[in-house]
Amino acid sequence: MRRYRYRCTICRTTSPVVHELEALAAVGEAHRQTLHGGHFPDDELAGQIDRLGRWYAALPPLTALHARIADALSDLRDIKTVGHYWWASTGATLLIAATAALALLLVASAL
Ligand SMILES: [Zn+2]
């Protein structure tokens, strides 16, 4: 399940979580029309967030990969909750580490 939020840095407010891009666009448009007369606030943010409420775009690549895997594993258990289950976070870490170890082994065996 994808989660999105809109943030206005002028008003310093963040929208509730929505689950579709169309809803995200509607939230942003409603905020701009209501509070800014249709103008686009400087540095406004709109995008996908992880289960911890962090913007994927603001995360370093390895952290974003870990968050996506942990999100997917946590969604298997319950899509309504927030946060990562400990086993999902650990599973994501182990999966990334195993993939890195496998890649290292393949490179080492090829040399
Ligand atoms: Zn605003």
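The rules behind the values
- Residues numbered from 1 in each chain as written.
- Predicted model: local features only at pLDDT ≥ 70, side-chain atom pairs only at ≥ 80, totals over all residues.
- Heavy atoms only, no water.
- Helix = DSSP H or I, 4+ residues; strand = E, 2+ residues; numbered from the N terminus.
- Rg over C-alpha atoms; globule rule 2.2 N^0.38 Å.
- Buried < 20%, exposed > 50% of the residue type's maximum accessible area, 1.4 Å probe, protein only.
- Contact = heavy atoms within 4.5 Å.
- Areas by Shrake-Rupley, 256 points an atom, 1.4 Å probe, with all protein chains shown as cover.
- Lys, Arg positive; Asp, Glu negative; His and termini not counted.
- Charge placed at Lys NZ, Arg CZ, Asp CG, Glu CD.
- Donors = N, O, S within 2.8 Å, 3.2 Å for Na, K, Ca; no water.
- Tetrahedral: all angles 85-135°; square planar, octahedral: opposite > 155°, others 65-115°.
- Pairing = 2+ DSSP bridges.
- Core = buried A, V, L, I, M, F, W, Y, C linked by side-chain atoms within 4.5 Å.

Colleague: Looking at this model, I keep getting lost on the overall build of the protein chain. Mind explaining?
Modeller: Helix and strand counts for the protein chain stand at three helices and three strands. Starting at the N terminus and ending at the C terminus, the protein chain contains elements arranged as β-β-α-β-α-α. In terms of overall size, the protein chain is more extended than a compact globule, its C-alpha atoms giving a radius of gyration of 18 Å where 111 residues would be expected to give roughly 13 Å. Of all 111 residues assigned to the protein chain, the portion counted as buried reaches 29%. Considering only contacts within the protein chain whose residues lie at least 6 apart along the sequence, 43% involve residues at least 24 apart. Only carbon and sulfur atoms are counted for the fraction: they give 66% of the accessible area of the protein chain, which is about 7300 Å². When the 11 basic and 10 acidic side-chain charges of the protein chain are each reduced to a single mean position, those positions are 7 Å apart.

Colleague: Mind showing me how you'd approach the environment of Gly38 here?
Modeller: The topology assignment puts Gly38 in the loop between helix H1 (21-36) and strand E3 (45-49). The class of Gly38 is partly exposed, set by a relative accessible area of 24%. Those residues in contact with Gly38 that sit more than four places away from it in its chain are Arg32 and Gln33.

Colleague: Before we go on, may I ask you to explain the coordination of the zinc ion in this structure?
Modeller: Six octahedral donors at a metal ideally form angles of 90 or 180 degrees, and four tetrahedral donors ideally form angles of 109.5 degrees. Taken together, the protein donors to the zinc ion comprise Cys8 (SG), Cys11 (SG), His31 (NE2) and His36 (NE2), at separations of 1.9 to 2.2 Å. Taken together, the four donor atoms coordinating the zinc ion span angles of 105 to 115° at the metal, a pattern that classifies the geometry as tetrahedral. Donor residues for the zinc ion, ordered by position in the chain, follow C-x2-C-x19-H-x4-H. Residue Cys8 is located in strand E1 (residues 3-8), and its partner His36 is located in helix H1; the two are separated by 28 residues in the primary sequence. Pair check on accessibility: Cys8 and His36 agree, each one buried.

Colleague: Help me understand the sheet that holds strand E2 (residues 13-14), please; the structure alone is not making it clear to me.
Modeller: Adjacent strands of a sheet pair through backbone hydrogen bonds, lying either parallel or antiparallel. What the three strands build is an open sheet, ordered E2-E1-E3; its pairing is antiparallel. Looking along the sheet, the strands with just one partner apiece sit at the ends: E2 and E3. Bridge count between E1 and E3: five bridges; the pairing is antiparallel. Bridging across to E3, Tyr6 finds its partner in Ala46.

Colleague: Quick question: what am I supposed to make of the nonpolar core here?
Modeller: Across soluble globular proteins, nonpolar side chains show a tendency to be buried alongside one another. Counting residues in hydrophobic clusters, the biggest one holds five residues: Tyr4, Tyr6, Cys8, Val18 and Leu24. Examining the composition of this core, we find that three residues originate from one element, E1, more than from any other.

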